[in-house]
Each structure stands twice: as C-alpha cells, then as structure tokens.
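# An overview of the molecular structure
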Amino acid sequence: MNRLNQLFQTKKENLLSIYFTAGYPSLNTTVDIAEALEKAGADFLEVGFPYSDPVADGPTIQDSSQQALENGMTLNVLFEELKELRKLVTIPIILMGYCNPMVQYGVERFCKTAAEVGVDGVIVPDLPMYEYENLYKDTFAKYGLSNIFLVTPQTSEERIRKIDGLSNSFIYLLSSSSITGGSLNVSDAVEGYYQRVKTMELNNPLIIGFGISDNKTFSKACEYANGAIVGSAFVKYLGSRADYLEGIGEFIQGIKG
Amino acid sequence: MKYGVNEQGYYGDFGGAYIPEMLYPNVEELRQQYLNIINDADFKAEFNQLLKDYVGRPSPLYHAKRYSEKYGCNIFLKREDLNHTGSHKINNAIGQILLAERLGKKRIIAETGAGQHGVATATVCALKGIECVVYMGEIDIQRQAPNVARMKMLGATVVPATSGSKTLKDATNEAMRDWIANPVDTHYIIGSVVGPYPYPEMVAQFQSIISQETKKQLLAHTGKELPEYVMACVGGGSNAMGMFYHFLDDEGVKLIAVEAAGKGVDSGHSAATTALGKEGVLHGSRTILMQTEDGQVVEPYSISAGLDYPGIGPQHAHLHKINRAKYVSITDEESLQAGLLLSQTEGIIPAIESAHALAYLEKMQFQKDDNVVICLSGRGDKDLDTYIKYFGY
Ligand SMILES: Cc1ncc(COP(=O)(O)O)c(C=O)c1O
C-alpha cells in the first residue's frame, strides 16, 4: 500500500491536492515549493514533468512547461530533486506528464526510478487505457505505482466502471471536457454528471480537477467528491511574485477557507 | 492487406490512439462509425460525384517526354496539382466533410501548415455551408499570406497558433485543444495520415484514389499496371500514402518517399524525420519523430511549409522499419532547382513540396524502359514568392 492509499483510508473529505510544474519558475525550486505546500496543509501533490507539446493543457501550464524546459528541467534532474524532497516531505507525490518523455526514458526505468525516489502515482493524460492494460500495468504494479485515469462528462458508465476496475488509488474527475486552466462550470448538466458518478458507488475515491481556483470552486467540488485539485491557479500564483514561497500558506488558506 | 492496420489501430509497432480521455468519445465515435459510413452506397456515390465534377478527377497521368529523356527512363507525373484548390489535400477534405455531415457535426476545425489543407477544408465547408475554423502557426500565417486570404475569402476563421514554435505542430496542438473543448458538435479534419487511429487509415483511404487511378492509367499508357518505381514527397505523408496504397502488395514495385532535408540532414535545420528521428509518441500515435534525448519534440525546418513537420504518419514509420519503402531526403536548394527544371522542360511549375520528389531523380540510376510514377502533389502558385526570391526573377 502506498502513501496515496494510506491517505485515502484516513481522510475521506475535503482533500486538497496542488499541481505545479517542476522547474518553474526556476530550476531547483521543486523541494522548496513542495515543503511549503505540505506545511500549508496540502494533502498530496502533483508534480508536472514538462513536455514541449502538452495538448491537454491551457496557456498557463503550457507557458510554465516551456519556461521549465528552458530552465533545464528533465526527468533526470527531477528525479534527483525528488530524492532530496523525500527526506523532507511525507505527503503523497504524483508525477504528471505526457507519454513521450516517459517512453524515451523507458517505461520500466521510469517506474523503477520513480518508486525509488518515493513517487506514489502517475498521471499521463495521453497514455491510452488499452496500452496501459496490455503493456504497462504489470510494470506499474511491480513498482507499487498507481496509474490515475481521467473521467469526463462524456465518459460512458461502462467505461467509468472499467476505469474503476483498473484504478487503485483515485479517479480524476474532470469538471468539464476542457484543457487545464478553464473556469469551473457549475451548470445543472455538470451537477447532474457529478451526481451520476457519485451514485455509481465506485471502489475508488473521486477527486475533481480542472477549473478549481478558489474556495468557492473547491467547496463546490468537495460536495460531490472526496477532494479537488488546484493546478493553473497555483502555477499562475507562482509566476505572480518573486517571493512566492512566503505566500503559499496564505494561498492554501484561501482555497480551504 | 499485408501492410494494413490491425484491429487496435497499429501498423506493426506504430499507430494506436495516444489521446487524453477528453478526446476518447470523439475518436471512438469515429472509429466505430467511419467504416460503415464510407462503405455506404450513398456516401460513395456523393464522394465519387464530387471528386469527378467538383475536384476534376481523375487527375491525368502525364507522360513527361522531355523530362523522361533527361533521366533516361519513362517518367509519369500524377497530376494532383490540377485538382480544384491545387493539391491532393482536397481528396481527403471532401471525404471528411461528407463523413462529418453524416455524423451530424455542425462545426469543422483543421490545422494547416502551408495553407493547402486549410484552403481545401475552407472550400468544402463553404460547399456544405458548415462553420470552419482553421488553426495556423503565427509564423506560417506570415509566410503563406495568400493562402490565409483565400481561407478568409472562403468564409473560414483563421486562428493563429501562438504557442511553442508557432508552426504546423503547434497548429495541430491548438486544433486538438479546440476539439477537447468542443467534443460534441465539432469534427476535426486532420490534413495528413497522422493523428490517433482511425485518422491515418481513413485519410489514406481517401487519398488512395491516387494510386487506384494510376494503375488503370498506367495500363493504358504502357500496357502494364505496375511501374518499376513510385515516388512521392512526405510531410505527414498523405500524398505518398495515397500514391503507394494500391502498390503496397505488389512487392516488385519500389516505393520511394522523399523527406525534406532543409539546409542539410546534419545542419540542425532539417525535417528529415526518418534520418533524424526516433520512435516515440506524437499527436496521438506511436511513430517516428524528431526529438531530444529527453523526449522533447524538436522543431523541424524546411523551405516548404508543407514538409515542415517533426513526425511522419505511423504507416510510413512501419514501411520504413520493415524496408517496404525507401525513405530519402532532399535539401531546399535541390528542390528549388528541380522545380525550375520541371518548369522549363515541361511547362509545369510544381509546389516546392512536390519538387522534393522530383529532385530525387538526380540521385537514381535507371534502365531505359523503367516506368517511374511521381506524385505531383500540388502546383507552385503558392510558392512563387519563394521561387522568385531564390532565382531573382
Ligand atoms: C502540395 C503539397 N504536397 C505535399 C504536402 C505534404 O503533406 P503530405 O505529406 O501529407 O502529403 C503538402 C502539405 O501542405 C502540400 O501542400
């Protein structure tokens, strides 16, 4: 059982996860940012490994990825940082990024190194379910890494059940079919979708992400799910002031209310 | 077909559908429906009628006599340049707009590099009265101004892609992001044999009309259906796939695919994907792409915007790996010289993309009675500025 499973066993409501792009705003900031987030009360973290062509991301995360690559961030650099990070930070860490850097690194080597440096789960939006199931599932399992799947308002019930069967930490519920950085849609249709998934009584906890940016949207998401993820809003915050480490506590308080 | 796609959407090691979950329903809908739709009698009738009356097919297979003399063989040019809108791109655009209509889609998006696919898409949207949004890299918008104006005149909205390197790959990223945000009413008309399955297969089928006609026409010209060589340029690879399609199983036919070497394969300014690339994942499929050791996509370069792409379609990656087709490359200069030569020996100004295929003739050795078919994928009108600048007319 990894740190994610332990977390979900002990805490079932109002879980807050924060996403940030490794290498942004500058290189060697991952450890400091993660430490500040843990201290401020984040329950788990998603660390983005940057990619040149992030199709599922909006302008904020695109720009942070570009900047991170220019700063020299690579998987090797990130894994070195995470080794240090694990000496100081105990909350679960998820890596988020795209297929191609992982494939070039070697999927087995990626899983092995990630596990060694204390990573608990991976989100790869463009890794298809078929390939995961047939090529990579056993490797992920061998190293105790959770693969986290996304679900959108358009995902069929049958497919959600299948995803639930393949998941072993949580399911990432998208607030709408959109790229990152939009605003939370709380139309009746979306509430209907949250309600629909909630009443399916899935085995895995649900965490809502995309468009969660403040206390209002976080609280709304927590009505339907076990927690929510803030991404673009935090990345935007990191880019907004030079002394960003000082204000992280306040940022998290603002989200949690 | 021996070189065809399997049920999971793979050509050997390449293909698949590496897409975020947000695109799964759209792509799955296509996968489930496209074969039924395109094999339907009503679809076929409308497709064939439009290709004939609107595009002007069959495109001629022209025996280029003076050109043949120069190279000491029989050279036949498949005249896709004579199609309405000036390139092979219209074949696929017609097929996909009819498909979109039958899927009940109300809005079309597309990416474009040189603007040829954007113009073809804007054209078929005007024909059907469907809203059209074309994503185009900010840099390409500047270097292909006439095609931008053409798209606007045809009623399309042209949206600049301002992310990354601001060229074709970024336009493709933006189109995918648009599709993610508009999953229900929008169809994405991809312009080449790239993208998640079923796109590479579907686009190849729409373009396969090129080789289907060629076989018949060659028989009429030479008494034989099969030539010794079939050649085409490769950006994403749609004109080449269309040109190769019905020859794939005829193992005696040598297939030659010509990539853009830009300023030279080792110059750091090149788009010679098979020479410089490695296996990986780009725009929804497992294929060969130009990338750094860390798996970041490398920005390609070619004087021809249509070949300025860091990947190739997955079926090409497969044909390359198993050596069914030979992948070679031609520099900017060689292609411009070939364009000039065709202009002055045959009175045909080719697109710079197509001129890459022509230029490779210089590097080949022929027997006197070899029959060689080259896909002349487009006309050179859009490239006049570039030719004029280079030759100083
Ligand atoms: C005339 C012409 N030929 C070739 C290409 C390259 O595309 P593909 O490799 O898909 O045929 C283009 C693309 O814009 C083009 O306009």
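Residues numbered from 1 in each chain as written. Chains lettered and ligands numbered in written order. Predicted model: local features only at pLDDT ≥ 70, side-chain atom pairs only at ≥ 80, totals over all residues. Heavy atoms only, no water.

What counts here: UniProt positions are given in the numbering used here, feature names are shortened, and annotations may be inferred rather than shown by experiment.
An unreviewed UniProt entry lists chain B under the name Tryptophan synthase beta chain, from Mucilaginibacter myungsuensis. Checking UniProt for chain B, the heading Catalytic activity (unreviewed entry) contains the comment "(1S,2R)-1-C-(indol-3-yl)glycerol 3-phosphate + L-serine = D-glyceraldehyde 3-phosphate + L-tryptophan + H2O".

As annotated in an unreviewed UniProt entry, chain A carries the name Tryptophan synthase alpha chain and is attributed to Mucilaginibacter myungsuensis. Per its UniProt entry, chain A bears the Subunit (unreviewed entry) comment "Tetramer of two alpha and two beta chains." Under the UniProt heading Function (unreviewed entry), the entry covering chain A gives this text: "The alpha subunit is responsible for the aldol cleavage of indoleglycerol phosphate to indole and glyceraldehyde 3-phosphate."

## Things to note about the packing of aromatic side chains
All names here are of chain B. For clarity, the threshold we go by: Aromatic pairing here means that ring centres of Phe, Tyr or Trp (its six-membered ring) are within 6.5 Å. Orientation follows from the plane angle: under 30 degrees is stacked, over 60 is edge-to-face, and everything else is tilted. To qualify as a helix, a DSSP run of H or I must reach at least 4 residues; to qualify as a strand, a run of E must reach at least 2; elements of each kind are numbered from the N terminus. Think of it in three bands: residues with accessible area under 20% of the maximum for their type are buried, residues over 50% are exposed, and the middle band is partly exposed, with areas taken using a 1.4 Å probe on protein chains only.
On inspection of all chains with the given rule, the structure shows 27 aromatic pairs over all chains. Between Tyr67 and Tyr71, the ring centres sit 5.3 Å apart and the planes meet at 75°, which makes this aromatic pair edge-to-face. Note that Tyr67 and Tyr71 are positioned in helix H3 (residues 65-71) at a spacing of four residues, about one turn of the helix. Judged on exposure class, the residue Tyr67 and its partner Tyr71 are both buried. Taken together, a centroid distance of 6.2 Å and an interplanar angle of 55° make the contact between Tyr188 and Tyr199 tilted. On the criterion of sequence distance, the pair formed by Tyr188 in strand S8 (residues 186-188) and Tyr199 in helix H9 (residues 199-207) is long-range, its members being 11 residues apart.

## Digging into the pairing of strand S9 (residues 227-230) of chain A
For a regular strand, side-chain orientation follows a simple rule: the groups alternate between the two sheet faces. Residues and elements named next belong to chain A. Our working definition: DSSP-based pairing: two strands are paired if at least 2 bridges between them are found. A crossover counts as right-handed when, viewed with the strands pointing away from the observer, the path leading from the first strand over the helix to the second turns clockwise.
Every second residue of S9 is oriented toward a common face, with Gly227 and Ile229 on one face and Ala228 and Val230 on the other, all of them buried. Relative to S9, strand S1 (residues 15-21) runs parallel, the two being bridged by four bridges. Residue pairing for S9: Leu16 is matched across the bridge by Ala228. The sheet contact formed by strand S8 (residues 206-209) and S9 spans two bridges and is parallel. The residue of S9 that forms the bridge with Ile208 is Ala228. Crossover S8 to S9 through helix H10 (residues 215-224) is right-handed.

## What to know about the UniProt feature "modified residue: N6-(pyridoxal phosphate)lysine" (unreviewed entry) in chain B
Residue and element names in this part refer to chain B. Heads up, the rule is: Contacts are assigned to residue pairs that have any heavy atoms within 4.5 Å of one another.
Taking the UniProt record as the reference, the feature "modified residue: N6-(pyridoxal phosphate)lysine" (unreviewed entry) is found at Lys89. Residue placement: Lys89 occurs in helix H4 (residues 89-102). Other than its neighbours up to four places away in sequence, Lys89 contacts Gln116, His117, Ala120, Gly191, Ser192, Gln207 and Ser238.

## A closer look at the sheet that holds strand S6 (residues 150-151) of chain A
Residues and elements named next belong to chain A. Selection criterion: Angles run from 0 to 180 degrees between N-to-C directions of axes, and those axes are lines fitted to C-alpha atoms, restricted for helices to the stretch in contact.
Spatial ordering of the open sheet is given by S5-S4-S3-S2-S1-S9-S8-S7-S6, a layout of nine strands whose pairing is parallel. With one partner strand each, in any of the chains shown, strand S5 (146-147) and S6 form the two edges of the open sheet. Pairing between S1 and strand S2 (residues 44-48): five bridges, direction parallel. Within the sheet, the bridge partner assigned to Thr21 lies in S2 and is Gly48. Docked against the sheet, helix H9 (residues 188-199) engages S6, strand S7 (171-174) and S8, running at close to 160° with respect to S7.

## Some remarks on the domain arrangement of chain B
In many analyses, interface size is given as the accessible surface area lost on bringing the parts together. Residues and elements named next belong to chain B. The line we're drawing: Segmentation of the chain into domains, including their bounds, is taken from an automatic or database domain assignment. In short, buried area is how much 1.4 Å probe accessible area vanishes from two parts on joining, totalled over both. By definition, a salt bridge exists where a carboxyl oxygen of Asp or Glu is found within 4 Å of a side-chain nitrogen of Lys or Arg. We call two N or O atoms a polar contact when they sit within 3.5 Å, provided that within protein one can donate a hydrogen and the other can accept it, with sequence-adjacent residues counted only if both atoms are side-chain atoms.
Taken domain by domain, chain B holds domain 1 (18-50 + 89-195) and domain 2 (56-87 + 204-391). Spacing between the C-alpha centres of domain 1 and domain 2 amounts to 23 Å. The partner domain 2 presents 36 residues to the 36 residues of domain 1 that form the contact. Approximately 2900 Å² of surface area, both sides summed, lies buried where domain 1 meets domain 2, with 58% of it carried by carbon and sulfur atoms. If you sort the residues of domain 1 by the area they bury against domain 2, Tyr18, Asn91 and Val193 come out on top, with a joint share of 24%. Inspection of the domain 1/domain 2 interface yields zero salt bridges. Scanning the region where domain 1 abuts domain 2 turns up 11 residue pairs in polar contact (both at pLDDT 80 or more).

## A look at the pairing of S2 of chain A
Residues and elements named next belong to chain A. Most of S2 is tucked away, with five of its five residues classed as buried. The alternating pattern of S2 places Phe44, Glu46 and Gly48 on one face and Leu45 and Val47 on the opposite face, and all of these are buried. After leaving S1, the chain enters helix H2 (residues 30-40) and then returns to the sheet as S2, a path that is right-handed. Sheet analysis places S2 next to strand S3 (residues 93-96), joined by four bridges and oriented parallel. By the bridge assignment, Gly48 is partnered in S3 with Met96.

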